[in-house]
Amino acid sequence: EVQLVESGGGLVQPGGSLRLSCAASGFTFGSYAMSWVRQAPGKGLEWVSAISKGGKSTSYADSVKGRFTISRDNAKNTVYLQMNSLKPEDTAVYYCNAHFILQEYWGQGTQVTVSS
């Protein structure tokens, strides 16, 4: 059974940091590129960041560039999103996504709330 399980969300003050994790199982993790996608209340899905299957290539949405860092540990089948200098507009449910050609998997999401 394919599973992507996100963790690490929570309530944080503006300017704070959180580290999200996404643990994968049931598929060959190292063959898949990974992404983080978020959905703010009342809004559509917004792509946040992606990392290549080997981890050498990363990309970021302009809204998070310089503040968020994506990484992966293929030995642990886990992808991470380090989020620094958080802003209220970063409040959203964060989902991890695995993709390889036409195959795609999603996690259930983890809530991040940035508020004072």
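Scroll up for the structure.
About the criteria used
Residues numbered from 1 in each chain as written. Predicted model: local features only at pLDDT ≥ 70, side-chain atom pairs only at ≥ 80, totals over all residues. Heavy atoms only, no water. Helix = DSSP H or I, 4+ residues; strand = E, 2+ residues; numbered from the N terminus. Buried < 20%, exposed > 50% of the residue type's maximum accessible area, 1.4 Å probe, protein only. Contact = heavy atoms within 4.5 Å. Polar contact = N/O pair within 3.5 Å; in protein donor to acceptor, adjacent residues only side chain to side chain. Disulfide = S-S within 2.5 Å.

Trainee: Just checking my understanding: could you explain the environment of Tyr-105 for this structure?
Mentor: Among the structural elements, Tyr-105 can be located in strand S10 (residues 103-106). Overall, the relative accessible area of 18% leaves Tyr-105 in the buried class. Along the chain, Tyr-105 and Glu-6 lie 99 residues apart, while their C-alpha atoms are 13 Å from each other. Excluding anything up to four places from it in sequence, Tyr-105 contacts Val-2, Leu-4, Phe-27, Tyr-32, Cys-96, Asn-97 and Ala-98. A polar contact of 3.3 Å, which involves the side chain of Tyr-105, links it to the side chain of Gln-103.

Trainee: Teacher, can you tell me more about the state of the cysteines here?
Mentor: Throughout the structure, instances matching the rule amount to one disulfide. Through a disulfide, Cys-22 is tied to Cys-96; the S-S separation comes to 1.9 Å. With Cys-22 in strand S3 (residues 18-25) and Cys-96 in strand S9 (residues 92-100), this residue pair connects regions lying 74 residues apart in the sequence. Since its relative accessible area comes to 0%, Cys-22 is described here as buried.

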